[in-house]
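Fold and geometry: a report
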Amino acid sequence: MEEPLMAEEALRAEALRTAQEESRTLVTGLITLVATLVVIILTFSVRMHFRRERQKRANKRRKSTKTPAGAVLKSDLAQMKQLVSSRPTATQPPTTMELLLAVALTPAIRSLAPSSRAQREDLASVRSELRRHCPELELPTPEPLKPEVDAALLLLQLLLHEWRLHDSSLTLSDEIESAMDDMGSAAVRLLVEGGAEGAQTLSQALAAAKLAACLRLGLWSWDDPDCVEIQNERLAVQNLPRPRISAALEARRWMGGEQGRPITPGTTVQITVTVSRHHAGEAPKMPDDLPPPSAGAAAAAKESFKCFFARDSEGGMGRSGTLIGNADVDVADLTDREASAIFKFAAPALPGEYQLKAVLVSLGVLGVEAEAACSFRVVADAEEEEEDDDDSDYE
């Protein structure tokens, strides 16, 4: 009897040891699991903390020292002005390629240029499609240019010839399309505010302004019949008339009184440009989706024209064609038959007869422009005093 009892006790003891070992193993496993989870959570929390701190420092540095990609700074406008006005032959207007290259060289545009490997593959497709759809287009070889300049120049060409590729199989990534949108806006501002307004000659200013209009509209030429026809079709779809304008200039001495005192050296000449709108009233309501008429136009303007003033004869104001300044002629009411703007400048130091020329262009409709001219006489101070004495005889 004793042997079976001893065997039974031995079995119970073995079972108890097994149960105890399993319990210890389970507890050890649970402790290990909890410890591992605690370590993972702590590690993740520490990493997230340091990541947030790095992001805060990066944001702080970006706000203090960096500017958003594509932001047009005064230095960009100054560089654009220098590139446009310093071309070797000042008497000839810059070519489209020269202007696009000047735009592509600015830091504002270079900062938007695609740089990843996938984006470079997209750019190769862009180059191929441009060559196929625009065989006459002279694309620069990328080797002499820095990669970001070549990429920017290629996308600017794509913006300019966008309509010609409307039936192309070309597909671009969202990043490149977003960069193109920002690049187009920045390029228009550079061309208008840096190129046109900062030019030295009328031909330079007009070339930059007309290219800005072409970029905005995705059409490759200001006066090409095909481009003008496409423009007219767009206007017809929006039920808008094509602007038909003429212009006139009047020169007088600023604050010269009702009698119009003579212009003398050093006084201020006031030029009033009046635009006659022969299409007035044909579009009483402007569609909400129509883009702003001009990059520099007033916010309330429904139609705007950029007016450039230049010397029209040799003499004390410089060579003929020398740019004097510019003004925006804004139209707030589409039923108005006329719109005007005033431009002021210092009278030449030498007495004599001077001729002035003005050219108006639309930055919203291709091919719309008008010219006007006027003359004014600068008299010596002694002549003005003599005229004043003559007037006093009748008082």
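Everything discussed here concerns the structure shown above.
These remarks concern the structure in this document.

Scoring rules and cut-offs
Residues numbered from 1 in each chain as written. Predicted model: local features only at pLDDT ≥ 70, side-chain atom pairs only at ≥ 80, totals over all residues. Heavy atoms only, no water. Axes fitted to C-alpha atoms, helices over the stretch in contact; angles between N-to-C directions. Helix = DSSP H or I, 4+ residues; strand = E, 2+ residues; numbered from the N terminus. Left-handed = near helix turned anticlockwise from the far one by under 90°. Contact = heavy atoms within 4.5 Å. Nonpolar A, V, L, I, M, F, W, Y, C, P; charged D, E, K, R; others polar. Salt bridge = Lys/Arg side-chain N within 4 Å of Asp/Glu carboxyl O. Buried < 20%, exposed > 50% of the residue type's maximum accessible area, 1.4 Å probe, protein only. Pairing = 2+ DSSP bridges.

**Here we look at the packing of helix 2 (residues 74-85) against helix 7 (residues 174-196)**
Two elements in contact, helix 2 and helix 7, have axes separated by 8 Å at closest approach and are oriented at 65°. Considering only the axes of helix 2 and helix 7, their crossing is right-handed. Only Arg189, Leu190, Leu191, Glu193, Gly194 and Gly195 of helix 7 make contact with helix 2, whose side of the interface consists of Asp76, Leu77, Met80, Lys81 and Val84. Residue composition of the contact of helix 2 with helix 7, grouped by class: five nonpolar, two polar and four charged.

**A look at the pattern of salt bridges**
If the charged atoms of two oppositely charged side chains come close together, the side chains can form a pair. Here the structure, examined in full by the defined rule, presents 10 salt bridges. Notably, a salt bridge pairs Arg110 with Glu148, separated by 2.9 Å at the nearest N-O pair. Of this pair, Arg110 sits in helix 4 (residues 107-110) while Glu148 sits in helix 6 (residues 147-160), placing them 38 residues apart in sequence. Using a relative accessible area of 24% as the deciding quantity, one classes Glu148 as partly exposed. Here Glu369 ties to Lys210 by a salt bridge, and the two come within 3.3 Å at their closest N and O atoms. One end of the pair, Glu369, is in strand 7 (residues 369-378); the other, Lys210, is in helix 8 (residues 202-217), and 159 residues separate them in sequence.

**Observations concerning the sheet that holds strand 1 (residues 245-253)**
If you trace the three strands from one edge of the open sheet to the other, you get 1-2-5, paired in antiparallel fashion. With one partner strand each, in any of the chains shown, strand 1 and strand 5 (338-346) form the two edges of the open sheet. Direction aside, neighbouring strands of the sheet carry axes that sit 20° apart on average. The sheet contact formed by strand 2 (residues 268-277) and strand 5 spans nine bridges and is antiparallel. Each bridged residue has a counterpart across the sheet, and for Ser276 the counterpart in strand 5 is Glu338.

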